[in-house]
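Overview (structure and organization)
Residues per chain are reported as follows:
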Amino acid sequence: MGYKITAKENLSVIDFFMEVEAPHVARSWKPGQFIVLIVDEKGERVPMSVYYADKDTGRVGMFIRRHGVTTFKLWYEKQVGDELLSVAGPLGKPIEVKHYGNVVFAADAVCAQAECYATLKAMKEAGNYTIAIHSFETKDHVYPEKFLSKPVADEFYITTEDGSVGRKGHYLDVLKELIEQDKVDIVFAGGKLGSLKKLAELTRPYGIPTITTVRQIMVDGTGMCGSCRILYDGEIKFACRDGPMFYAHKVDWDDVIRRDSRFAEQQAFARERYLAKLREKGVI
Amino acid sequence: MAVRRKLIKERVPTPEVSVEERVKSFVEVNLGYDFASAVKEAERCLQCPPEYAPCIKGCPVHINIPGFIGKLVEYRDDPNKAVKEALRVIWNDNTLPAVTGRVCPQEEQCEAPCVMNKVGDPINIGKLERFVADYARKNNIEDQLLEEMKPAVCGKGRVAVVGAGPAGLTCAGELAKLGYDVTIFEALHKPGGVLIYGIPEFRLPKEILDKEIEKLRKLGVEIKLDHVVGKTVTLEELLEEYDAVFIGTGAGTPKLLNIPGILLDRIYSANEFLTRVNLMKAYLFPEYDEPIAIGKKTIVIGAGNTAMDAARSALRLGSEVTIAYRRGREDMTARIEEIQHAEEEGVKFEFFLNPVEFIGDENGRVKAVKFEKMRPLEERDKRGKRKIVGTGEYVTLEADTVIIAIGLEPNRIISEEATGLKTNPDGTLVVDENLMTSIPGVFAGGDAIRGEATVILAMGDGKRAAKAICDYIEKKRAKANA
Ligand SMILES: Cc1cc2nc3c(=O)[nH]c(=O)nc-3n(C[C@H](O)[C@H](O)[C@H](O)COP(=O)(O)OP(=O)(O)OC[C@H]3O[C@@H](n4cnc5c(N)ncnc54)[C@H](O)[C@@H]3O)c2cc1C
Ligand SMILES: Cc1cc2nc3c(=O)[nH]c(=O)nc-3n(C[C@H](O)[C@H](O)[C@H](O)COP(=O)(O)OP(=O)(O)OC[C@H]3O[C@@H](n4cnc5c(N)ncnc54)[C@H](O)[C@@H]3O)c2cc1C
Ligand code: SF4
Ligand code: SF4
Ligand code: FES
């Protein structure tokens, strides 16, 4: 037992790349699906998007943001060769990979940067014209070239809020132009929930199908607890089981956004406690 | 046994941790018998002949109850021998007595028809069963017995068991004893099903489960954790690799109330609450990473075992707790012992209240629950409960935490993926009298076919299915060889 970490690399001031050996997951993963991992005996179950899942090597790659205790542990305590307690999946429903025409993937946070590559790779293989838009805050957040979706994108954009790399602005600005040029048949997106809400409003008037990750706080990830419940077209759905990709126009975004910080107090407390320990040990 | 015994009307009591102590921690509440008191209780049993003994009929798996109780008295001078022989009798029908002795609703099953009820208290069968199992575990008696029971033959075939709850664990154990190679596929990172994620430590210490799992491993059962069948592997793939499959995936999907406010913060399903607290040990946060947010006033909606477990866990996390149930006191479905414990610990009960709306504050956190008052009718429903109707009157109770425990239904991950698998409208799997599903070679049992039921019924199914699987594989082999 145990799932070995086979590679790890820093991506930016806040994000990193990690690869684990999880052949049971790699063999059956499809774009749209996620995994759940546990760092150690005392760890929680955290969902992660998949950057790639290689059937031949049995390895699964992901991008991770140093958010809080779990992800700090992954960064500071777990090195290549160490093992994770649990890697389960693939979970959730795959997206439909078929010919749509011009497919956009828009990403403005760590999970989505991974999904962008994974999704467009499959979409390109299915004969679509693929457009990737990676948005970052500033140049310190931008990933090294080899981790961007360029190889799987027919058209490729980077934006930063301050214009320090690529275009100044956000994927919403690029997308608006693409839509006005009539270049968009379907939009996939993930990342910041606030942007996804705006994205839904942007594409709604044009009637462009918009499918986005609805990231909610999860426990089991298999439909057993309802932690990840959302209102979708007025009905209760579980993001882990019925999603995590949903038509953005039917999602009640305000509740989704609020529920993402349900445990903010506890998380902040645990984060500070952990950082204090790191400081004590002289790690940081 | 020729000696005629005197009728002793009252049970030998079992000690319990004081209320003050237990509301502060997750230690087990009931401490059980020691050998001397177990023998004393065992002596009260009238040793009804097995062919008549009503207690045996009351137990869903028909344990030879006078048989095992008799061994405790017969070998009273040699505790190890007494327990070993008693355990041997129990194991004929039940491989998890440490669990069932603690969680069976004995008052409705084995103890209900006990003849002693006519003159006094029924024999405390549950606690005796638990005593035998606990004593055996602590004194390595299980291992000895297990050694004697090791299968003479193995390699009779390969079976995949899906789900490591009581149904799956029992099925796997029985098949291993019959000489089959068994692999269990479990979605979570720990085996046990509800026993590990739902039922709290104060009712079922987790070390018991660890030991049960170790027993299975000794019998050669392999357990693959983190495998969600229907996602990680499909049923079809399992059928290609194994001679038969048993599905014991339980009923783990919580029913939620689709009423206004259901998305407010601090409204949990009992499953979310209990999984965070028990499986993920949020009660030890921040030592453990799992968070739980709980306020000072919790309302638990429902009145089954799940509701009691949630209520008593919330209490231990420092909240005041009220259970609100839409029916009356006598309609509560939890075990009597749990209701009593909850009351002793200070859980309050409100009856005939049906929730209609959750009211939130400006931060989206629940602050009250609006209920409609209900009224019972004389007429009874299928389950014998009085029907209820709304009165049109409403009451609002303050609450900063709400736990919804109104029931569970089967998880549909497998049935959605394996389209040949027939289900009933409530999501339970359709099975025939041999517990075989609509797909040949695929069997099922436990909550997956019954909806929310009990541990002992799940185990009974696991055992029956093991026999049916054995027959199925043998027949298939015979056909292939003919
Ligand atoms: C479908 C899905 C895919 C995801 N993909 C990625 C990914 O590819 N890379 C990545 O870095 N993160 C991803 N996340 C979020 C990831 O689960 C959190 O980063 C992780 O739980 C943070 O834990 P922490 O202890 O480090 O931080 P914490 O301090 O616990 O939390 C920081 C933030 O992470 C989120 N979060 C915390 N706990 C959970 C939880 N149990 N479930 C979901 N979100 C939580 C919340 O937004 C929270 O505010 C994904 C979440 C979901 C639901
Ligand atoms: C809080 C609570 C308290 C209870 N208290 C009592 C009590 O006191 N007495 C009593 O008799 N009964 C009690 N019950 C009911 C009892 O626990 C169940 O009837 C019993 O556990 C059912 O056993 P099972 O093996 O069928 O399913 P479960 O115990 O539900 O186990 C099913 C297992 O299958 C796994 N699984 C599900 N889907 C998949 C999949 N696709 N792939 C792989 N694995 C999967 C699950 O993770 C789980 O581990 C209680 C239930 C709850 C929720
Ligand atoms: S298994 Fe349950 S019902 Fe049967 S004898 Fe034991 S406690 Fe009683
Ligand atoms: S019915 Fe009661 S007295 Fe008779 S054998 Fe069973 S437990 Fe003993
Ligand atoms: S995470 Fe538990 S139901 Fe989705």
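Residues numbered from 1 in each chain as written. Chains lettered and ligands numbered in written order. Predicted model: local features only at pLDDT ≥ 70, side-chain atom pairs only at ≥ 80, totals over all residues. Heavy atoms only, no water.

1. Quick look at the overall build of chain A
When you go through chain A residue by residue, the secondary structure sums to eight helices and 17 strands. For 284 residues, the compact-globule estimate of 2.2 N^0.38 gives 19 Å, and the C-alpha radius of gyration of chain A, at 18 Å, lies within 12% of that figure. Along the first, second and third principal axes, the C-alpha atoms of chain A reach 55 × 40 × 40 Å. Split into buried and exposed, the 284 residues of chain A put 61% on the buried side. If you take every contact in chain A between residues at least 6 apart in sequence, the share linking residues at least 24 apart comes to 67%. Accessible surface for chain A amounts to roughly 11,000 Å². Of this, 50% is attributable to carbon and sulfur atoms. For chain A, the distance from the average site of its 40 positive side-chain charges to the average site of its 40 negative ones is 3 Å. (Helix = DSSP H or I, 4+ residues; strand = E, 2+ residues; numbered from the N terminus. Rg over C-alpha atoms; globule rule 2.2 N^0.38 Å. Buried < 20%, exposed > 50% of the residue type's maximum accessible area, 1.4 Å probe, protein only. Contact = heavy atoms within 4.5 Å. Areas by Shrake-Rupley, 256 points an atom, 1.4 Å probe, with all protein chains shown as cover. Lys, Arg positive; Asp, Glu negative; His and termini not counted. Charge placed at Lys NZ, Arg CZ, Asp CG, Glu CD.)

2. Overview of the sheet that holds strand E12 (residues 386–398) of chain B
Residues and elements named next belong to chain B. With respect to topology, three strands assemble into an open sheet ordered E10-E11-E12, the strand pairing being antiparallel. With partners counted over all chains shown, the strands left at the sheet margins are strand E10 (353–360) and E12, one partner each. Put simply, the sheet's adjacent strands are angled 15° from each other on average, direction ignored. Note that E10 and strand E11 (residues 366–380) share seven bridges and pair antiparallel. Within E11, the position partnered with Pro 355 by the bridge is Phe 371. (Pairing = 2+ DSSP bridges. Axes fitted to C-alpha atoms, helices over the stretch in contact; angles between N-to-C directions.)

3. Some details on the interface of chain B and chain A
Contacts between chain B and chain A engage 45 residues on the former and 51 residues on the latter. Carbon and sulfur atoms make up 55% of the area that chain B and chain A hide from each other, which totals about 4,100 Å². Three residues, Lys 231, Leu 263 and Asp 289 of chain B, lead the burial of chain B against chain A; their summed loss comes to 18% of the area buried on that side. For Arg 258 of chain A, the salt bridge is made with Asp 265 of chain B, and the minimal N-O distance between the two is 3.1 Å. Inspection of the chain B/chain A interface yields 28 residue pairs in polar contact (both at pLDDT 80 or more). Contributions of two or more residues to the side of chain B that touches chain A are made by strand E5 (253–254), strand E6 (267–269), helix H13 (270–279) and helix H16 (413–417) of chain B. With four residues, H13 of chain B is the largest single contributor of residues to the side of chain B that touches chain A. Looking at side-chain class alone, the side of chain B that touches chain A contains 22 nonpolar, 12 polar and 11 charged residues. (Buried area = accessible area lost by both parts, 1.4 Å probe. Salt bridge = Lys/Arg side-chain N within 4 Å of Asp/Glu carboxyl O. Polar contact = N/O pair within 3.5 Å; in protein donor to acceptor, adjacent residues only side chain to side chain. Nonpolar A, V, L, I, M, F, W, Y, C, P; charged D, E, K, R; others polar.)

4. Focus: the confidence of the model for chain B
Of all residues in chain B, 98% have pLDDT values of 70 or greater, and the mean over the chain is 92. For this predicted complex, the interface confidence reaches an ipTM of 0.94, while the overall pTM sits at 0.93. (pLDDT = per-residue confidence, 0-100.)

5. Focus: the site of ligand 4
Every residue lining ligand 4 is accounted for by Cys 45, Leu 46, Cys 48, Pro 54, Cys 55, Pro 66, Cys 114, Val 115, Ile 123 and Ile 125 of chain B. Residues belonging to the shell around ligand 4 are distributed by class as follows: 10 nonpolar, no polar and no charged. (Near = heavy atom within 4 Å.)

6. Topic: the side chain of Lys 73 of chain A
As for its placement among the helices and strands, Lys 73 of chain A is situated in helix H2 (residues 69–76). A polar side-chain atom of Lys 73 of chain A sits 3.1 Å from a polar atom in the side chain of Asp 40 of chain A. Beyond its immediate stretch of four places on either side in the chain, Lys 73 of chain A contacts Val 39, Asp 40, Lys 42, Gly 43, Lys 78 and Tyr 274 of chain A together with Asp 289 of chain B.

7. Some words on the domain arrangement of chain B
All names here are of chain B. Parsing chain B into structural domains produces domain 1 (19–149), domain 2 (158–252 + 409–481) and domain 3 (256–406). Just the C-alpha atoms count here: the centres of domain 1 and domain 2 sit 26 Å apart. The interface is formed by 26 residues belonging to domain 1 together with 24 residues belonging to domain 2. Where domain 1 abuts domain 2, roughly 2,300 Å² becomes buried across the two surfaces, and 69% of that area is made up of carbon and sulfur atoms. Across the domain 1-domain 2 interface, the total number found is three salt bridges. Glu 142 serves as the salt-bridge partner of Lys 215, at 3.2 Å between the closest nitrogen and oxygen. Looking at the side of domain 1 that touches domain 2, the elements that each hand over two or more residues are helix H6 (97–103) and helix H8 (141–149). Looking at the side of domain 1 that touches domain 2 element by element, the count peaks at five residues for H6. When its residues are assigned to classes, the side of domain 1 that touches domain 2 shows 14 nonpolar, six polar and six charged. (Domains from an automatic or database assignment.)

8. Points about the sheet that holds strand E7 (residues 83–84) of chain A
Residues and elements named next belong to chain A. Strand order in the open sheet made by the five strands is E5-E6-E2-E1-E7, with antiparallel pairing throughout. Looking at which strands have only one partner, the edges of the open sheet turn out to be strand E5 (52–54) and E7. Pairing geometry for strand E2 (residues 15–21) and strand E6 (residues 59–65), over seven bridges, is antiparallel. Counterpart to Phe 16 in the pairing with E6 is Ile 64.

9. Section: the environment of Glu 85 of chain B
All names here are of chain B. Here Glu 85 lies in helix H5 (residues 79–91). The buried category is assigned to Glu 85, whose relative accessible area is 14%. Considering only alpha carbons, one finds Glu 85 and Arg 335, 250 residues apart in sequence, at a separation of 29 Å. Ignoring sequence-local partners within four residues, the contact set of Glu 85 consists of Lys 71 and Tyr 75.

10. What about the packing of H2 of chain A against helix H8 (residues 264–281) of chain A?
Residue and element names in this part refer to chain A. At a minimum axis distance of 9 Å, the contact between H2 and H8 shows a crossing angle of 25°. The angle between the axes of H2 and H8 places the two elements in the roughly parallel class. Residue-level inspection shows Val 69, Phe 72, Lys 73 and Tyr 76 of H2 in contact with H8, the latter providing Ala 270, Arg 271, Tyr 274, Leu 275 and Leu 278. (Parallel < 35°, antiparallel > 145°, perpendicular 65-115°, else oblique.)

11. What about helix H3 (residues 110–125) of chain A?
Taking 1.5 Å of rise per residue, the 16 residues of H3 of chain A would be expected to cover 22 Å, and the 24 Å separating its terminal C-alpha atoms lies within 8% of that figure. Residue Gly 127 of chain A follows H3 of chain A closely and has a positive phi angle near 90°. (Expected span 1.5 Å × (residues − 1).)

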